[in-house]
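Here are the chains, one letter per residue:
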Amino acid sequence: MQSSKEYINQHKDRFLNELIELLKIPSISADSAFSQDVINTAEVVEKALIEAGCDHVEICETDGYPIVYGEKIIDPKLPTVLVYGHYDVQPPDPLDLWDSPPFEPVIKKTDEHPDGAIFARGASDDKGQMYMHVKALEFMVKNDQLPCNVKFMIEGEEEVGSVNIAQYVANNKEKLKNDVILISDTGMISKEYPSITTGLRGLSYVEVELTGPNRDLHSGLYGGAVANPINILTKMIAALHDENNHITITGFYDKVEELSSEERAEMAKAPFDLDAYQSILDIDSIYGEKGYTTNERNSIRPTLDVNGIWGGYIGEGAKTVIASKAYAKISMRLVPNQDWEEITDLFTTHFESLAPKGVQVKVIPHHGGQAYVTPIDTIGYQAASKAYETTFGKVPIPQRGGGSIPIVPLFEKELDSKIILMGFGLDSNAIHSPNEHFGLWFYYKGIETIPYFYKYFAEMMAQEL
Ligand code: BES
Ligand code: MN
Ligand code: MN
């Protein structure tokens, strides 16, 4: 029987060229100027699923961008794997920081990727990783090695919070019914240390608007005599952390899950090179919440970050002005048991209380989602672990991740499924940043590994009965 590795070797160039075509479409869900491109991408994914061997594929309309649904049901009595991914991408800005245009994919060799990496927006997050599943399906179907049923749900609004997807999941519980959900939209430690993501953080995203005087003022005539919203906003933001970098919002930590010292000791075993971490980012020191390690700060601890701040004059030269308004976008990463809507309320109350007389504060909630943790004693996790062991020659390390995928906790709630996060990206892939890329070695390794997940999952499920 042919192995996935052999099949990949025979179809290497085509697998790459198909991904390149997908990456050329600017499916930026956040920017309505690209809405037609987002819709076109759904059609390319639809076609790819048909060609890979799904026997039923459809484009499902939502109040936002469509969901591409595909399935291959070989025997209703067999277990079903639901694959989720997203075909939308983040805006590529700032464009001038890209070495090559974000939607003109190029292959380049780097120190970290001697076999080459593909540079384009979405290369790793998530077109490249999602497409590994399409090609893994192709291998299994063409070689008669699909051991169970498979369903695909590929959406186009993940990067804007998956707000319309919840409705779709709630309305299609029977259709989406599965025994495990498989997602490649996260990362791993390295080639040498494969890892499986066992948790995602939740998110609360808000925008704040401060208004002082009703118009922009001459800063000489009025400066010092009226509240300057930009001065005040920066003061208020600074007050959101104390000297130990704890968040000061009243009640913020009340429900935070504290890990036992055993769990923290287990986490500390994961390889981590502080010097490499700093030098890759050109920083001379790390920074964060007192009492926690870097790996804890970016996974099991909640955080608050300003994502953008603006107001006043930012054009060429100087303009002496006190702006009427100041704005910021703020995200809070949350951990298990923190409820994102409750945190949004706590933030709002606290932030409003920080404002002195003379300014008005408006907090506009955007989107959010809950945190998620995958247990490792499930068949799904064990099958994934064995799959990595087969193709990497090493048992993967379970590791909690810092990012968020809002649909994941909803899947668990609505479909009562466990979610397996088989990510093949690296932190250095620069997702959401200029020069996003995905190593070709990882792309092909993902396609090679995924069929083993199906094999072991089907075998272990059969033993279970
Ligand atoms: N794929 C990422 C999430 C991710 C990346 C998790 C790496 C773990 C490791 C996803 O596309 C993403 O960017 N999510 C957003 C969610 C938001 C837009 C609602 C995030 O985490 O900022
Ligand atoms: Mn993603
Ligand atoms: Mn993303």
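Computed from a predicted model, the values in this text were never measured in an experiment.

Chemist: Account for the coordination of the manganese ion (ligand 2), naming residues and giving values.
Modeler: The protein atoms that coordinate the manganese ion (ligand 2) are H86 (NE2), D125 (OD), D185 (OD) and D185 (OD), at distances spanning 2.0 to 2.4 Å. Metal-centred angles of 57 to 165° between the six donor atoms at the manganese ion (ligand 2) mark the site as irregular. Residue H86 is classed as buried on the basis of its relative accessible area, which comes to 0%.

Chemist: Can you break down the site of ligand 1 residue by residue, with the values?
Modeler: Residues in contact with ligand 1 amount to 17 residues; listed here are only the nearest, E158, D185, R333, S404 and H432. Note that an oxygen atom of ligand 1 is positioned 3.2 Å from one of the side-chain N or O atoms of H86. In the model, an oxygen atom of ligand 1 is placed 3.0 Å from a nitrogen or oxygen of the D125 side chain. In the complex, 87% of the free accessible area of ligand 1, which totals 520 Å², lies under the protein chains.

Chemist: Which residues make up unusual backbone geometry, and what are the values?
Modeler: In this model, D93 is joined to P94 through a cis peptide bond whose omega is -5°. Within the element layout of this structure, P94 appears in the loop between β3 (80-86) and β4 (106-108). Phi at A430 takes a positive value of approximately 60°, unusual for a residue other than glycine. Mapping A430 onto the fold places it in the loop between β17 (419-421) and β18 (437-439).

Chemist: Describe the coordination of the manganese ion (ligand 3), with residues and values.
Modeler: For the manganese ion (ligand 3), every protein donor is listed as D125 (OD), E159 (OE), E159 (OE) and H432 (NE2), and the spread of their distances is 2.1 to 2.5 Å. In this structure, the manganese ion (ligand 3) is positioned 3.6 Å from the manganese ion (ligand 2), and both are ligated by D125. Separated by 34 residues along the polypeptide, D125 in the loop between β5 (117-119) and α3 (127-142) and E159 in the loop between β6 (149-155) and α4 (165-171) bring together distant segments of the chain. One exposure class covers both D125 and E159, and it is buried.

What counts and what doesn't
- Residues numbered from 1 in each chain as written.
- Chains lettered and ligands numbered in written order.
- Predicted model: local features only at pLDDT ≥ 70, side-chain atom pairs only at ≥ 80, totals over all residues.
- Heavy atoms only, no water.
- Donors = N, O, S within 2.8 Å, 3.2 Å for Na, K, Ca; no water.
- Tetrahedral: all angles 85-135°; square planar, octahedral: opposite > 155°, others 65-115°.
- Buried < 20%, exposed > 50% of the residue type's maximum accessible area, 1.4 Å probe, protein only.
- Near = heavy atom within 4 Å.
- Polar contact = N/O pair within 3.5 Å; in protein donor to acceptor, adjacent residues only side chain to side chain.
- Areas by Shrake-Rupley, 256 points an atom, 1.4 Å probe, with all protein chains shown as cover.
- Helix = DSSP H or I, 4+ residues; strand = E, 2+ residues; numbered from the N terminus.

In short, geometric facts, not functional conclusions.
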